[in-house]
2 protein chains.
Amino acid sequence: MPGAPRPTGDTHGHDRAADACAPPVSARTVAEQLAAVLAECHVLAPTQVSLDDVRGLVLAEDIHSATATPPFDNSAMDGYAVRRADVLLASPTNPITLPVIADLAAGTAENPFIEPGRTARIMTGAPLPDGADAIVPIEGTDQGTEWVTITVAPKEHAHIRRAGEDAHAGDTVLHAGSVLWPTRIAAAASAGTSVVLAHPAPRVAVISTGSELVTPGDSTRRGQIPDSNSFLLAAAVAEAGGIPIRVGAVPDDERTLRELLSSLAETVDAIVLSGGVSVGAYDVVKAVLAPLGTVRFGPVKMQPGKPQGFGRWPMPADSANGSAPDPAGELNDDPSATPGRPARPGPVIFALPGNPVSAYVSFEVFVRPALRRMLGRTDLHRPTITATVDRGWRSPPGRAQYMPVIIDRDGERTLVRPAAAGGSGSHLVAGLGQATGLAIVSESSTQISDGDLVTVMLTS
Amino acid sequence: MPGAPRPTGDTHGHDRAADACAPPVSARTVAEQLAAVLAECHVLAPTQVSLDDVRGLVLAEDIHSATATPPFDNSAMDGYAVRRADVLLASPTNPITLPVIADLAAGTAENPFIEPGRTARIMTGAPLPDGADAIVPIEGTDQGTEWVTITVAPKEHAHIRRAGEDAHAGDTVLHAGSVLWPTRIAAAASAGTSVVLAHPAPRVAVISTGSELVTPGDSTRRGQIPDSNSFLLAAAVAEAGGIPIRVGAVPDDERTLRELLSSLAETVDAIVLSGGVSVGAYDVVKAVLAPLGTVRFGPVKMQPGKPQGFGRWPMPADSANGSAPDPAGELNDDPSATPGRPARPGPVIFALPGNPVSAYVSFEVFVRPALRRMLGRTDLHRPTITATVDRGWRSPPGRAQYMPVIIDRDGERTLVRPAAAGGSGSHLVAGLGQATGLAIVSESSTQISDGDLVTVMLTS
């Protein structure tokens, strides 16, 4: 966009100037970029996952009850298993005493036949013995162990939980596509399943690039700053349901980065890079990825986050487990992997700007929905609310703006104000950490005034 | 409650009858039980935690910026560091050409003095060399490397990011009590911190009791059913932010349970048991814990979940690291632990009913707020909404009811209906897994009718 005013949001930190020399790449709107990302990010091929590790995953098969639930008639109370006819006239004034022929605890396999005039003590959950047709709770008895005196007549089938009352053998208790939250994990266990077919969580490598970056806590000399983006983005991956592999910071060296990406490609589903996406002499991410032809770099009409790239690491044909070789220069448009299909495409790559606010906004807008798609979730997006602007700000023309905001309640109204005093700049320390939402401003708006209504993505 | 009608919700599964013989224990309301639980559950003593592991934890110290942020004046653009006076008249019609004396990449420690009439190429983030007072972006140049021709005059201090612009050395960038979400983890990293003092996640052992329980997937004989509660409650612990240690199912054997609890007590902060809390002949949890005097068993005026226990495992004096011995029979009322106080009280113990719905409701109402208190969170409770009843149900008198419900939207209205066709019974497989909320019915209500408004706790 030659001649366009440069908004301050992209000019701090690592975001770099638009390339004055490279062949022009058409700018995409946020919607266009998101559509391109989601078209490329498929739900991961399901695998067998232990119930101990499935929380938050999406089920890839129907779960059927292995047996009826409960599997046998059992007592719903602590009491005595009786033939109802024997105690039909029992009352406090007409106590009936019976011999106790067995003591049935939960878990017992015993099945003593209850002859007329006999009873067995029985605990909650224990199988109902043959012959018995009702339970007298202990409160209606003297709790005897050799002989018991019963003073209450049970109703027909009283306190018997019938086999199959909850589910019959073979009933579908959970459907494919269900998100496995605690009560559903319990339902699978209850159905007799210990391992289920589920879409795994994506493994996501997170790499910061920049020779100025050092590990936080290490001493810095002139020119150096702590890497914060790899911590930011790894935590955001985990929050989205992915498994972060935080590689940390790598210097602006093409060979180092190329070898790192190549070694990671075998074991991860996605790679999130930050920094090095623009046109500086040492913009290593663009330098390594752009020539591959499988990662597109181009401006997105948003602020912050304008310069970024997205695509896929090309796997050599011999490592793709027999799949068709991935023609160079073509985005892998592989449909969703299925269990019977061993081919493994390379990981998708998100090349985000280096500015922390730009990286964070880009993650929320593009990476998080992509990871949730890979998880098999259908709720890809953060919830949004409409809020009233409490302190206005400016927005650049022709770009959708994502302003980190603090959300407050004022009686019935929900108010928002920029989290950083200076606007949507790179004031990570001062403001981004306090933001609980991103106000979304359309491309056509340039001034957001007090009292305006805005859409706000809730981020925490 | 002799003579009171027995609601069906507690009569299925493992919930057992009220004790007809034990000395009477006064029933508590839900509010009374919750207050007793929260009075006993203190925020865990803070420990040093790596930034890689702090997501969701609560910061226990203020974080100060180790240096100014940024620590040095640096370039906000890829361009050329100049003395502004040298290029004040530069324009397309009056290009000014200067020798390039250095090439300053991000991360460089170089500081070549820029004499009048000289310039240095500089990348975003690289330190501003002494002598220079403005940056000319590459777009305003011919991008030369030996000599550069400049056609745009920079404004005063153009594109220079000043040391301390975001924070001064020693500034507080995060306050104690902050929940460490991704942008705050980044703020800590940015401040030069790799390890922070935070309240750790509680380690929570989860144990199902019952001789009828087998591991899901193992074959069952007459009398046996799969353990589902340990999966349910372990996943719920993780969802609440705790670290579950899922022990699984143990039989109704007092010695086994006592030894297990004793061995776990050294390493966990809380123990969640299910089953064995009532008065059956084999109610092992009550048999082991009630005599200790530190765990109170008594009815809670709620449905489901009436019979349960709460307290603390008493640590032998010699394992309490020098703390005062815990007098038998007295609940440990130790104030919140502090870093300088090595004494370690025994874990808190939640003895929940064995019925899965009862166990789940009790977890949501008591255990989850307790775990969040231990985490140091101030938002202890699930959010609630008001919804319209779409299909009414009954509620027992004198007890608060928690009905698992399915929440639907109907235009402006939010509708709820019981998740299990049979009401709030034990129909885990059929209904609980589909519930997304718990409708809360007051003690005084006995009939919830279509069109009534109810408060609903949002659980997923």
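Up top is the structure.
Residues numbered from 1 in each chain as written. Chains lettered and ligands numbered in written order. Predicted model: local features only at pLDDT ≥ 70, side-chain atom pairs only at ≥ 80, totals over all residues. Heavy atoms only, no water.

> What am I meant to see in the interface of chain A and chain B here?
How big an interface is tends to be expressed through the accessible area that disappears when the partners come together. Of the residues lining the interface, 93 residues belong to chain A; the matching set on chain B comes to 93 residues. The junction of chain A with chain B conceals about 7600 Å² of combined surface from both sides, 59% of it contributed by carbon and sulfur atoms. Applying the counting criterion to the chain A and chain B interface returns two salt bridges. Between arginine 246 of chain A and aspartate 52 of chain B there is a salt bridge, with the nearest N and O atoms lying 2.5 Å from each other. Where chain A touches chain B, the interface holds 18 residue pairs in polar contact (both at pLDDT 80 or more). Only strand S11 (172–174), helix H2 (182–190), strand S15 (225–226) and helix H3 (229–240) of chain A provide two or more residues apiece to the side of chain A that touches chain B. The greatest single-element share of the side of chain A that touches chain B, amounting to eight residues, is contributed by H2 of chain A. In terms of residue class, the side of chain A that touches chain B is made up of 43 nonpolar, 29 polar and 21 charged. (Contact = heavy atoms within 4.5 Å. Buried area = accessible area lost by both parts, 1.4 Å probe. Salt bridge = Lys/Arg side-chain N within 4 Å of Asp/Glu carboxyl O. Polar contact = N/O pair within 3.5 Å; in protein donor to acceptor, adjacent residues only side chain to side chain. Helix = DSSP H or I, 4+ residues; strand = E, 2+ residues; numbered from the N terminus. Nonpolar A, V, L, I, M, F, W, Y, C, P; charged D, E, K, R; others polar.)

> So what exactly am I meant to see when it comes to the sheet that holds strand S7 (residues 119–122) of chain B here?
Each strand in a sheet pairs with its neighbour through backbone hydrogen bonds, running either in the same direction (parallel) or in the opposite one (antiparallel). Residue and element names in this part refer to chain B. Taken together, the five strands give an open sheet; going across it, the order is S8-S5-S7-S6-S9, and neighbouring strands pair in mixed fashion. Looking along the sheet, the strands with just one partner apiece sit at the ends: strand S8 (134–137) and strand S9 (147–150). If you compare each strand with its neighbour and ignore which way they point, the axes differ by 40° on average. Here strand S6 (residues 96–104) pairs with S7 via three bridges, running parallel. Opposite leucine 104, over in S7, you have isoleucine 122 as the bridge partner. (Pairing = 2+ DSSP bridges. Axes fitted to C-alpha atoms, helices over the stretch in contact; angles between N-to-C directions.)

> What is the right way to read the relation of the copies chain A and chain B from this model?
The second copy of the chain is related to the first by a rotation about an axis and a shift along the axis. Its rotation angle being 180°, the transformation that places chain A on chain B also includes 0.0 Å of axial translation and leaves an RMSD of 0.1 Å. What the superposition gives is, in effect, a two-fold axis relating one chain to the other. The rotation axis passes nearest to the C-alpha of glutamate 239 of chain A in chain A, at a distance of 6.0 Å. Same-surface contact between copies: 100% of interface residues of chain A are shared with the interface of chain B. (Least-squares fit on C-alpha atoms with pLDDT ≥ 70 in both.)

> Please clarify how unusual backbone geometry should be interpreted in this entry.
Residue and element names in this part refer to chain A. Geometrically, the link from threonine 69 to proline 70 is a cis peptide bond, its omega value of -10° lying close to zero. One can find proline 70 in the loop between strand S3 (63–64) and strand S4 (74–75). Cis geometry marks the peptide bond from glutamine 303 to proline 304; its omega dihedral reads 0°. As for its placement among the helices and strands, proline 304 is situated in the loop between strand S19 (302–303) and strand S20 (307–312). At glutamine 143, a position not held by glycine, the phi torsion is positive, near 65°. Its location among the elements puts glutamine 143 in the loop between strand S8 (134–137) and strand S9 (147–150). Backbone geometry places histidine 157, a non-glycine residue, at a positive phi of 55°. Take histidine 157: it is sitting in the loop between S9 and strand S10 (160–161).

Just distances and angles here, no functional claims.
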